[in-house]
Amino acid sequence: MTTTDGEDRIRRRDDEEADIYDEDGNVRGDFLALVGAAIADRDTLFLRGNVARLHESEIGDLLESIQPDQRLALVRLLGDDFDMTALTEVDEAIRREIVDQMPNEQIAAAIGELDSDDAVYILEDLDKEDREEILAQMPFTERVRLRRALDYPESSAGRRMQTEFVAVPPFWTVGQTIDYMRDEEDLPYSFSQIFVIDPTFKLLGAVDLDQILRTKRQTKIEQIMRETNHPVPAEMDQEEAAQLFEQYDLLSAAVVDENGRLVGVLTIDDVVDVIHEEADEDIKRLGGVGDEELSDNVVSTARSRFLWLLINLGTAMLSASVIGLFDASIEKMIALAVLMPIVASMGGNAGTQTMTVTVRALATRDLDIYNAGRIIRREAGVGILNGAVFATIMGAIAGIWFHDYQLGGVIAAAMIINLMAAALAGILLPLLLDKVGADPAIASSVFVTTVTDCTGFFAFLGIATWWFGI
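The numbers attached to residues start from 1 for each chain and follow its sequence in the written order. Only residues with pLDDT of 70 or above have their local features reported here, since the model is predicted, and side-chain atom pairs are shown and tallied only from 80 upward, although totals for entire chains, interfaces and linings are computed over all residues. Only hydrogens and water are set aside when side-chain values are computed; all heavy atoms of the structure are taken into account.

**A look at the side chain of R28**
- Think of it this way: any DSSP run of H or I at least four residues long counts as a helix, any run of E at least two long counts as a strand, and we number them from the N terminus. Mapping R28 onto the fold places it in the loop between helix 1 (5-15) and helix 2 (29-40).
- Only 3.1 Å separates the side chain of R28 from the backbone oxygen of D19, close enough to count as a polar contact. Within 3.5 Å is the distance limit for a polar contact, defined as a pair of N or O atoms, with the added protein rule that one can donate a hydrogen and the other accept it, and that residues adjacent in sequence qualify only through two side-chain atoms.

Structure, rendered in structure tokens:
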């Protein structure tokens, strides 16, 4: 019996391990090869049998792993079998690349099948004209829900919320509520809470599903409802909302407008994404790379890094000007030129350590005005202790290296000063930037490095000039 190439690929795929990932967590090379061959041959039989069935996160990883020219081809070949939720699992550049090439009619049809939070995640990246055209093709109720979510500020709880939820009046019985959930077709796919509202949709409380199941049918909802656990204002920043989930161990939370009316629900799966995104954003900002993605092209990547490299150039020139003040001393004692980068480098590393801990503590609200004094004193103590230890080590090394123990004492003194300055700069500069409303994750690194370089060079060269009289 003969077989087609597609049937042969499916048989080879079924014979392999179902997991598409290798031991390192990357998409397996052999699976990528099969998918690439199927795309080239327009083998929809294989793609629908082996790609469309994957979880949306797996399809997202696949889209990020295949070649750029294969992504849109894969989406087109899958057609209606392509799960648009997968686009919420890829970085923004890839999502824009795919969505920009899809007809608005196809996007509208696909978004209609998604949860509202996933639909908003895709719509917010579109141009306003395309977004309005897509929304105009959707049913009235769904269109109103999505527009309301899109009206909230970017990165707010209102943008992240799911507008599908279950809400009942307080005078209903448990039996009525159960019958409603059985008969109503337009309910969220999964939920863990039922919210209680008055006729104006003002949030009164909530009931957990397990409480519903354990209560007799004739019991009124108002008798078993509890106050809602920390309702989230729709205007609240998503990072603050995530901190509420972390602090109070929430699985879901009601989202309310400025009048206390229920407008949506925030769930733990979206909060996990928020935590990941915010941590990723902070790490990138500390490195001065902005919102850069791995899929960005050379030009956009270079542009995103240019500003901070330019600022670093300016601060490097400032450090160089400090060295220039002591050029005569360096000419007379070449050992100074050899040793001075060590002082600056140690200070820079120490400052970066303190700064990283401080910025993260500010982001998680673990550092505030009440414990700042204690933390500052601790970091100052760490700077003195490490400064003394490394001053002893480096002083001995310099003394042996250049057969001059006075020089060893000079570098030891400079190292104590610089590590102390690094510790204080690493905590005080992020605190100051946070106080004035700037993002310490963006600006701290360049300022801390400038302080440690200038302090290190000035302390070492200044002490050497004074001590040796050069």
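**Here we look at the packing of helix 19 (residues 334-363) against helix 20 (residues 372-402)**
- Angles here are taken between N-to-C directions and fall from 0 to 180 degrees, while the axes themselves are lines fitted to C-alpha atoms, restricted in helices to the stretch in contact. Interhelical geometry of helix 19 versus helix 20 gives an angle of 160° and a closest axis separation of 12 Å. By the angle between their axes, helix 19 is roughly antiparallel relative to helix 20. Crossing handedness for the pair helix 19 and helix 20: right-handed. On the side of helix 19, the interface is formed by A335, V338, L339, I342, M346 and T354, while helix 20 contributes E379, F390, M394, A398, W401 and F402.
- Residues belonging to the contact of helix 19 with helix 20 are distributed by class as follows: ten nonpolar, one polar and one charged. Oblique is the label for any angle not under 35 degrees, not over 145, and not in the 65 to 115 range, which are roughly parallel, roughly antiparallel and roughly perpendicular in turn. Crossings are sorted by hand: turned counterclockwise from the far helix by less than a right angle, the near helix makes the crossing left-handed, and turned clockwise it makes it right-handed. Contacts were defined at the residue level, with two residues in contact if any of their heavy atoms lie within 4.5 Å. Ten residue types, Ala, Val, Leu, Ile, Met, Phe, Trp, Tyr, Cys and Pro, are classed as nonpolar, four, Asp, Glu, Lys and Arg, as charged, and the remainder, Gly among them, as polar.

**Quick word on the sheet that holds strand 2 (residues 193-197)**
- What the three strands build is an open sheet, ordered 1-2-3; its pairing is mixed. Of all the strands in the sheet, the pair left with one neighbour each is strand 1 (167-168) and strand 3 (203-208).
- Paired strands, in this sense, are two strands between which DSSP finds at least two bridges. Bridging between strand 2 and strand 3 involves five bridges; their strand directions are antiparallel. Bridge pairing in strand 3 links I197 to L203.

**Remarks on unusual backbone geometry**
- Even without a glycine there, the phi angle at R42 is positive, about 55°.
- Examined against the element boundaries, R42 turns out to sit in the loop between helix 2 and helix 3 (44-50).
- Look at R42 and you get exposed, because its relative accessible area is 61%. To sort residues, take the accessible area from a 1.4 Å probe on protein chains only and compare it with the maximum for the residue type: under 20% means buried, over 50% means exposed, and anything in between is partly exposed.

**Remarks on a negative patch on the surface**
- A cluster of like negative charges, contributed by D100, E105, D127, E129 and E133, occupies part of the molecular surface.
- Within the secondary structure, E133 sits in helix 9 (residues 128-136). Surface patches are defined over residues having more than 30% relative accessible area and no salt bridge, joining like charges when they lie within 9 Å and nonpolar side chains (Val, Leu, Ile, Met, Phe, Trp, Tyr) when within 5 Å. Values of accessible area rely on a 1.4 Å probe in the Shrake-Rupley scheme; residue burial ignores everything except the protein chains shown. Take a side-chain nitrogen of Lys or Arg and a carboxyl oxygen of Asp or Glu: if they are within 4 Å of each other, that pair is a salt bridge. Here the positive residues are Lys and Arg and the negative ones are Asp and Glu; neither His nor the chain ends is included. All charge positions are set by atom: Lys at NZ, Arg at CZ, Asp at CG, Glu at CD.

**Looking at empty space enclosed by the protein**
- With a 1 Å grid spanning the protein atoms alone, the term cavity applies to any set of points in which a 1.4 Å probe fits but cannot get out, the term pocket to an open set with protein on both sides within 12 Å along at least five of seven lines, and the term lining residue to any residue with an atom within 4 Å of a point. Grid points are joined across faces, edges and corners, and a volume is the space filled by probe spheres set on the points. Counted under the stated rule, the structure contains one cavity of 30 Å³ or more.
- Roughly 30 Å³ of internal volume is contained in the largest cavity.
- Every residue lining the largest cavity is listed: R95, R96, V99, D100, I122, D125 and L126.
- Take the lining of the largest cavity: its biggest share by element is three residues, from helix 6 (residues 92-99).
- Broken down by class, the residue content of the lining of the largest cavity amounts to three nonpolar, no polar and four charged.

**A closer look at the nonpolar core**
- Here, nonpolar core refers to any group of buried Ala, Val, Leu, Ile, Met, Phe, Trp, Tyr and Cys residues whose side-chain atoms link them within 4.5 Å. Core analysis: the biggest nonpolar cluster contains 62 residues, and L47, L63, L74, F82, M84 and I111 have the highest contact counts within it.
- In terms of residues, this core owes the most to one element, helix 2, which gives five residues.
- Discounting chain neighbours no more than four positions away, the residues touching F82 are I59, L63, V75 and L87.
- Among the nonpolar cores identified, the runner-up in size contains 28 residues, and F326, I330, L407 and A459 belong to it.

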